[in-house]
Amino acid sequence: MSLTSAAGLVIFRYTNKVIQFLLLQTSYGQHHWTPPKGHVDPGESNWVTALRETKEEAGYSENDLEIYKDISYTLNYDVNQKPKCVIYWLAKLKKPEQNVTLSDEHQDYKWLPLQQAQELSGFDDMKLLLADFHEKAVKLV
Ligand SMILES: Nc1ncnc2c1ncn2[C@@H]1O[C@H](COP(=O)(O)OP(=O)(O)OP(=O)(O)OP(=O)(O)OC[C@H]2O[C@@H](n3cnc4c(N)ncnc43)[C@H](O)[C@@H]2O)[C@@H](O)[C@H]1O
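Calculation notes
Residues numbered from 1 in each chain as written. Predicted model: local features only at pLDDT ≥ 70, side-chain atom pairs only at ≥ 80, totals over all residues. Heavy atoms only, no water. Helix = DSSP H or I, 4+ residues; strand = E, 2+ residues; numbered from the N terminus. Buried < 20%, exposed > 50% of the residue type's maximum accessible area, 1.4 Å probe, protein only. Contact = heavy atoms within 4.5 Å. UniProt positions renumbered as here; feature names shortened; annotations may be inferred. Axes fitted to C-alpha atoms, helices over the stretch in contact; angles between N-to-C directions. Parallel < 35°, antiparallel > 145°, perpendicular 65-115°, else oblique. Left-handed = near helix turned anticlockwise from the far one by under 90°. Near = heavy atom within 4 Å. Polar contact = N/O pair within 3.5 Å; in protein donor to acceptor, adjacent residues only side chain to side chain. 1 Å grid on protein atoms, 1.4 Å probe; cavity = no way out; pocket = protein on both sides within 12 Å on 5 of 7 lines; lining within 4 Å. Sits in = over half its atoms within 2 Å of the grid points. Nonpolar A, V, L, I, M, F, W, Y, C, P; charged D, E, K, R; others polar. Salt bridge = Lys/Arg side-chain N within 4 Å of Asp/Glu carboxyl O.

Novice: Would you mind going over the side chain of Gln-118 with me for this structure?
Specialist: Along the polypeptide, Gln-118 turns up in helix H2 (residues 114-121). Owing to a relative accessible area of 16%, Gln-118 belongs among the buried residues under this scheme. With near-sequence residues (within four places) excluded, Gln-118 lies in contact with Lys-127, Leu-130 and Ala-131.

Here you go:
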């Protein structure tokens, strides 16, 4: 069975001594919340996909972010009975006040501290990812 691959960035900002994660709400389907990410195009690397999707979906380019290439986390779940693999890298927004620019694919966004981000994401594997990244982000601010 073919595997769907996607890649993205879990972006945090450090403001008022709090780490907040960026979640985007889809404008389609069940309007679920995820970090910026998307399908890997044919011939594209996961890394390039993550950067491209982040620019398209949140408006941030590589220069706006401190991306921790050695800190990644992979989720595996099924979508319509097909396995999907999503790799995320951790990234910090350099200027915490820099605005998000959404595309048509999303209708809302939120910057949330760990627990609220976990609750909004809803998925157990994403909750674990956020906890792991939060532990690492604490050492990076
Ligand atoms: N229902 C829909 N109606 C209309 N257009 C649609 C559509 N779904 C996708 N599209 C189109 O596909 C494009 C998205 O392409 P991309 O932007 O390239 O890809 P994506 O983020 O990987 O898409 P998606 O939202 O489907 O993925 P996710 O894994 O979060 O989500 C996929 C499924 O997995 C679930 N899911 C998400 N995270 C999960 C997790 N951690 N564990 C288990 N399930 C999870 C989600 O609830 C969701 O049901 C959009 O432009 C849109 O046009």
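Novice: So what exactly am I meant to see when it comes to the UniProt feature "domain: Nudix hydrolase" (unreviewed entry) in the chain here?
Specialist: Those places that UniProt annotates as "domain: Nudix hydrolase" (unreviewed entry) correspond, in this numbering, to residues 2-134. In residues 2-134, the share of helix is 24% and the share of strand is 45%. The end C-alpha atoms are 32 Å apart.

Novice: What exactly am I supposed to notice about the environment of Lys-69 here?
Specialist: Inspection of the secondary structure assignment puts Lys-69 in strand S5 (residues 65-79). Note: C-alpha distance between Lys-69 and Trp-47 (22 residues apart in sequence) is 8.9 Å. Setting aside anything within four residues of it in sequence, one finds Lys-69 in contact with Trp-47 and Trp-89.

Novice: It is not clear to me how unusual backbone geometry should be interpreted in this structure. Could you clarify?
Specialist: Where the residue is not glycine, phi is negative for most of them; where a peptide bond is considered, it is trans in most cases. Even without being glycine, Lys-17 reaches a positive phi, approximately 65 degrees. Within the fold, Lys-17 resides in the loop between strand S1 (4-15) and strand S2 (18-26). Residue classification places Lys-17 among the exposed residues on the basis of a relative accessible area of 73%. Not every positive phi belongs to a glycine, and His-31 is a case in point at roughly 55 degrees. Mapped onto the elements, His-31 comes out in the loop between S2 and strand S3 (33-34).

Novice: I keep staring at the packing of H2 against helix H3 (residues 124-138) and nothing clicks. Help me out?
Specialist: Pairs of packed helices are described in terms of their axes, by the angle between the two and the distance that separates them. One can describe the packing of H2 onto H3 by two numbers: an axis separation of 9 Å at closest approach and a directional angle of 160 degrees. Between H2 and H3, the interaxial angle falls into the category roughly antiparallel. For the element pair H2 and H3, the recorded crossing hand is right-handed. Contacts between H2 and H3 involve Leu-114, Ala-117, Gln-118 and Ser-121 on the former and, on the latter, Met-126, Lys-127, Leu-130, Ala-131 and His-134.

Novice: Would you take a moment to explain the site of the ligand for this structure?
Specialist: In the neighbourhood of the ligand, 16 residues make up the surrounding shell, with Tyr-28, His-32, Lys-37, Tyr-77 and Lys-84 lying closest. Glu-105 places a side-chain nitrogen or oxygen 3.0 Å from an oxygen atom of the ligand. Counting atoms within 2 Å of the grid points, the majority share of the ligand lands in the largest pocket. Looking at the shell around the ligand, the elements that each hand over two or more residues are strand S4 (37-39), helix H1 (46-58) and S5. When grouped by side-chain class, the residues that make up the shell around the ligand number five nonpolar, five polar and six charged.

Novice: Even after reading the chapter, I still don't get the pattern of salt bridges, so can you show me in this structure?
Specialist: A side chain of one charge can pair with a side chain of the opposite charge when the charged atoms of the two come close. By the definition in use, this model includes six salt bridges. With a closest N to O distance of 3.5 Å, Asp-41 and Arg-52 form a salt bridge. In this pair, Asp-41 is assigned in the loop between S4 and H1 and Arg-52 in helix H1, connecting sequence segments eleven residues apart. Across the pair Asp-132 and Lys-136 runs a salt bridge whose closest N-O atoms are separated by 2.9 Å. Within this pair, Asp-132 and its partner Lys-136 are both found in helix H3, separated by four residues, close to a single helical turn. Through salt bridges with shared partners, a single ionic network connects Asp-41, Glu-44, Arg-52, Glu-53 and Glu-56.

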